[in-house]
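# Examination of the molecular architecture
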Protein chains: 4
Amino acid sequence: MSETQSYPKWQQRLHEVIFEADTRAGKRFDVLLIFCILLSVVVVMLESVASIRSQYGQALYIAEWGFTILFTIEYILRLVCVGKPIRYAVSFYGIVDLLAILPTYLDLIFPGSHYLLVIRVLRVLRVFRVLKLVQYLSEARLLVMAIRASRRKVTVFLVAVLTMVVILGSLMYVVEGEENGFTSIPRSIYWAIVTLTTVGYGDITPKTELGQIFSSFVMILGYGILAVPTGIVTVELNNAARHVSTQACPECSEEGHDPDAIHCKYCGAKL
Amino acid sequence: MSETQSYPKWQQRLHEVIFEADTRAGKRFDVLLIFCILLSVVVVMLESVASIRSQYGQALYIAEWGFTILFTIEYILRLVCVGKPIRYAVSFYGIVDLLAILPTYLDLIFPGSHYLLVIRVLRVLRVFRVLKLVQYLSEARLLVMAIRASRRKVTVFLVAVLTMVVILGSLMYVVEGEENGFTSIPRSIYWAIVTLTTVGYGDITPKTELGQIFSSFVMILGYGILAVPTGIVTVELNNAARHVSTQACPECSEEGHDPDAIHCKYCGAKL
Amino acid sequence: MSETQSYPKWQQRLHEVIFEADTRAGKRFDVLLIFCILLSVVVVMLESVASIRSQYGQALYIAEWGFTILFTIEYILRLVCVGKPIRYAVSFYGIVDLLAILPTYLDLIFPGSHYLLVIRVLRVLRVFRVLKLVQYLSEARLLVMAIRASRRKVTVFLVAVLTMVVILGSLMYVVEGEENGFTSIPRSIYWAIVTLTTVGYGDITPKTELGQIFSSFVMILGYGILAVPTGIVTVELNNAARHVSTQACPECSEEGHDPDAIHCKYCGAKL
Amino acid sequence: MSETQSYPKWQQRLHEVIFEADTRAGKRFDVLLIFCILLSVVVVMLESVASIRSQYGQALYIAEWGFTILFTIEYILRLVCVGKPIRYAVSFYGIVDLLAILPTYLDLIFPGSHYLLVIRVLRVLRVFRVLKLVQYLSEARLLVMAIRASRRKVTVFLVAVLTMVVILGSLMYVVEGEENGFTSIPRSIYWAIVTLTTVGYGDITPKTELGQIFSSFVMILGYGILAVPTGIVTVELNNAARHVSTQACPECSEEGHDPDAIHCKYCGAKL
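Here the residue numbers are simple positions, counted from 1 along each chain's written sequence. To read the labels, note that chains go from A and ligands from 1, taken in the order they are written. Given that this is a predicted model, residues contribute local features only at a pLDDT of at least 70 and side-chain atom pairs are listed and counted only at 80 or more, while totals for whole chains, interfaces and linings are drawn from all residues. Derived side-chain values reflect all non-hydrogen atoms in the structure, with water molecules and hydrogen atoms excluded from consideration.

Here we take up the confidence of the model for chain A. Residue and element names in this part refer to chain A. The predictor reports its confidence for every residue as pLDDT, a score running from 0 up to 100. Summing up the model confidence of chain A, the mean pLDDT is 80 and the portion of residues at 70 or higher is 82%. Secondary structure is summarised from DSSP: a helix means a run of H or I of at least four residues, a strand means a run of E of at least two, and numbering begins at the N terminus for each. Mean pLDDT values over the elements of chain A span from 64, in helix 7 (residues 126-130), up to 92, in helix 10 (residues 185-196). Across the assembled chains, the prediction reports ipTM 0.81 with pTM 0.84.

Structure (structure tokens):
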């Protein structure tokens, strides 16, 4: 990074340790950091269990503040040593790093908000970048590509599904009525979503014959609808996989060769 | 539209504002309309919540009548300014526009039917056409194409599934009997559908050992069956995507060639 | 059918009416038959509803015997007029036709078995053949081909899943124990199937922390496993669709042409 | 096996019977063994049913020890007659064979652990190898290949899902609170997994309006997410099937050509 070379020596060194993972110190720092993050998430989780809280509440409270102060110092150091602090602060990881310390301070004003600390778990995603899991990263990129390519189709599908659950839910409200647990249209829409997605909690179920016939129809509909997003993602994944592994033949310019191809499968020229 | 040019000026102007979205007034009208529709659907939903109804019932009742009168005027204006009123009245949007105002009037005769007003939500689908979301429309067309192409396969599949649930439900009625909640064959068929679609409410569950073994069989069957509609839609989506995404023949301009085609499959010209 | 030409005239005529659907009388007979079958299935279903049985039990009982006698006569006539009675009797439809009348007679010995009459619904599948729904038949053949082609893969998959549920169920029995509803290994295996197939009735649920962690693992496993049969069927459907629409080029013998292709996409020759 | 030829005659004969299935004695031994394994698993299962245990507990206890002693002798014989005992002992089947006898002995120290005997069911997987079900084996290999090829993509997907359920679960804990059954973050994460996988037991369900809205969001998310592993496996299965099913090159004998290939992609020779 040429831009950091004009910065003082200590700042360069700090940047190397905190932001990079090529040096031994940098790698050690990252592994330690990920360990701390996981530990602090476990602390928050344990603190939410009543029996553990009543016994170790004090210790967990101290641990939580300890981790928060540690991460606060780390966040300030990141801002100090990076070349463009604003750019880091508004980047994905910059925002996550901030969100990972805010809840503890907010808890002083709004009790209970410190449980949002679990957002720290997002910081662990750094593990892929840090440990240079290149192949995993390229697979992740493929998945993201496929999901992005199917974005518009999925949006159209979601609008159709939302329209459907509003209508199905309201019909069910009229069919079953308030005496059978369908106490309002929003609640009936909630039932429609629970049914259409095949989750089926069973907290609201049809009691009348007509309601059960109507439910059966909704379930079979949900069955068919389930196929659509799967189909979309499968096709896009297939396309993404094909685009990644494609090179054109230097002679006949044909594409569509397998990643392990040495010769063009159409004209036989060397690839 | 050449046919509207022979109509009086005010009618042409009205048509432009109400039906089209190219002019500024037309766009503004459509956005306002969609906003009104969404608001009126929210009013119907809120009215169905007992606690809100008891407090704001009067206001919501007035709002509902206000929206209905507004939409009635709009419906009449549409009939007046369009070139072929009958054709509009029997089109998809014409019917939806009518269904979106009828329930309020019907409610005077059959109390409770005004909840069907939520069908208004279908009018919101206009948003795609109005806001010229061309790409979304073409994606939607692709989805519709795939679903239409798999229509016959899905029908065959549905007939097979319906035959299956009738037989499975009746067998379960004989196995479990009325004392375990399987009080009739229709109710047992409802159970079979709940199980086969993996919804699994849990309102009717097998109690006997034989019933649980039989249920396990039905579940694993449902597991395998779930794969069929997904497979059908995926294959058709793949076909639809291929047909849309390819190049035109330089001679006959036909589209729909495979990515590996060298000659046009219709006229034989080199691609 | 040349073999029936040596039979007496009345037998030929009967065969035409009962077995074929090309003549007007034959078509009328088949439509009437399907109507009777559906009606008789509805009668059996209604008879199972306690409130209807107590009121119309007598009438439904008579109707059931009426239909059974009708179908018995039809079955005997089929045996009489067909060229090779044994071959018909052991064919799929022959067995279904017999099973569709037996339960009423069996009910005299084993009360309750008459509910098995719903197997009559299988006779309705004739509708596709009778009404000459050729395209539906070819789609059905495609589905059957795909399912048959994936038979072995699905068997391997099922053996793996069955092995899995036996082990997962037993582990859960040890983890949760009899005091939490997991009263025996078979019942725990039933729980494992309910969970792995994502049906999730909720009649048996983990109560201990360890049990919930283990369940979470089973659910995520089921999530991944759900993908396998879907993948198998999708690939086979894709293959089946390709094989059906394939013809070889008369010049270069290449295959893989689209069903609407007129020229070979590789050499440009007429197909 | 050339290495066993230097061993004494009785050892060779024993190896033939126990390890191989080509001779009549070897096949008979294997079929008998599989029968014993299945029987012993049924004994363990029956023993776990309270009503059966109270009546036949003594007999089942004896049967269990009988099978364990039998399998212990078999395990020792395997170690004795095989060429490289250590290599067998650490192989998959060697470990399973050991695990299939240990629990009975462990039960003397830790009561209840004998239920782990069901792991014996894994030994039955030998049936494919023993009965020379070659085609099933090749299908199984295809499935394993597809699953192995999608390993990395599925890992990335699983990490994303685990991160998601931690955050969704914690948010739900804050939204619903301990008074509605979401008594701790781990329990809320359990709820998130139950919901996201569409299992939906219904043992913990949202009670507040905000909770139901949030749940609806989680369900629709789960709906979309369900598509990803299915897409991954389908694409990989498709690739695996293509690689296996194609012709060999006449010059370099390489396989794995696309169905539309004209030249070998490895050496360029005409196919």
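Only one rule defines a salt bridge in this text: a Lys or Arg side-chain nitrogen within 4 Å of an Asp or Glu carboxyl oxygen. Tallied over the full model, the rule gives 20 salt bridges over all chains. Measuring nitrogen to oxygen at the nearest pair gives 3.9 Å for the salt bridge that ties A:Arg78 to A:Asp97. Placement of A:Arg78 in helix 3 (residues 50-81) and of A:Asp97 in helix 5 (residues 92-99) is noted, with a sequence separation of 19 residues between them. Like A:Arg78, the residue A:Asp97 is buried in the burial classification. Here B:Glu74 ties to B:Arg78 by a salt bridge, and the two come within 2.6 Å at their closest N and O atoms. With B:Glu74 and B:Arg78 both in helix 3 (residues 50-81) and four residues apart, this pair spans about one turn of that helix. With respect to class, B:Glu74 is no different from B:Arg78; both count as buried. Burial classes: relative accessible area under 20% of the type maximum marks a residue as buried, over 50% as exposed, and values in between as partly exposed (1.4 Å probe, protein chains only).

On to unusual backbone geometry. Residues and elements named next belong to chain A. Its identity is not glycine, yet Thr198 carries a phi of approximately 60°, on the positive side. Within the secondary structure layout, Thr198 lies in the loop between helix 10 and helix 11 (209-244). A relative accessible area of 2% places Thr198 in the buried class.

Let us look at the packing of helix 2 (residues 24-47) of chain A against helix 3 of chain A. Residue and element names in this part refer to chain A. The N-to-C vectors of helix 2 and helix 3 enclose an angle of 145°; their axes lie 9 Å apart at closest approach. Note on packing geometry: the crossing formed by helix 2 with helix 3 is left-handed. Counting all contacts with helix 2, which are made through Phe29, Leu33, Cys36, Ile37, Leu39, Ser40, Val43, Leu46 and Glu47, the residues of helix 3 involved are Ile52, Arg53, Leu60, Ala63, Glu64, Phe67, Leu70, Phe71, Glu74 and Arg78. For this classification, Asp, Glu, Lys and Arg are treated as charged, while Ala, Val, Leu, Ile, Met, Phe, Trp, Tyr, Cys and Pro are nonpolar and the rest, including Gly, are polar. A class-by-class count of the residues in the contact of helix 2 with helix 3 yields 13 nonpolar, one polar and five charged. For helices, the axis comes from a line fit to the C-alpha atoms of the stretch in contact; other axes are also lines fit to C-alpha atoms, and the angle between any two N-to-C directions lies between 0 and 180 degrees. Handedness of a helix crossing follows the sense of rotation of the near helix relative to the far helix, less than a right angle counterclockwise being left-handed and clockwise being right-handed. Any two residues whose heavy atoms approach within 4.5 Å at even a single point are treated as in contact.

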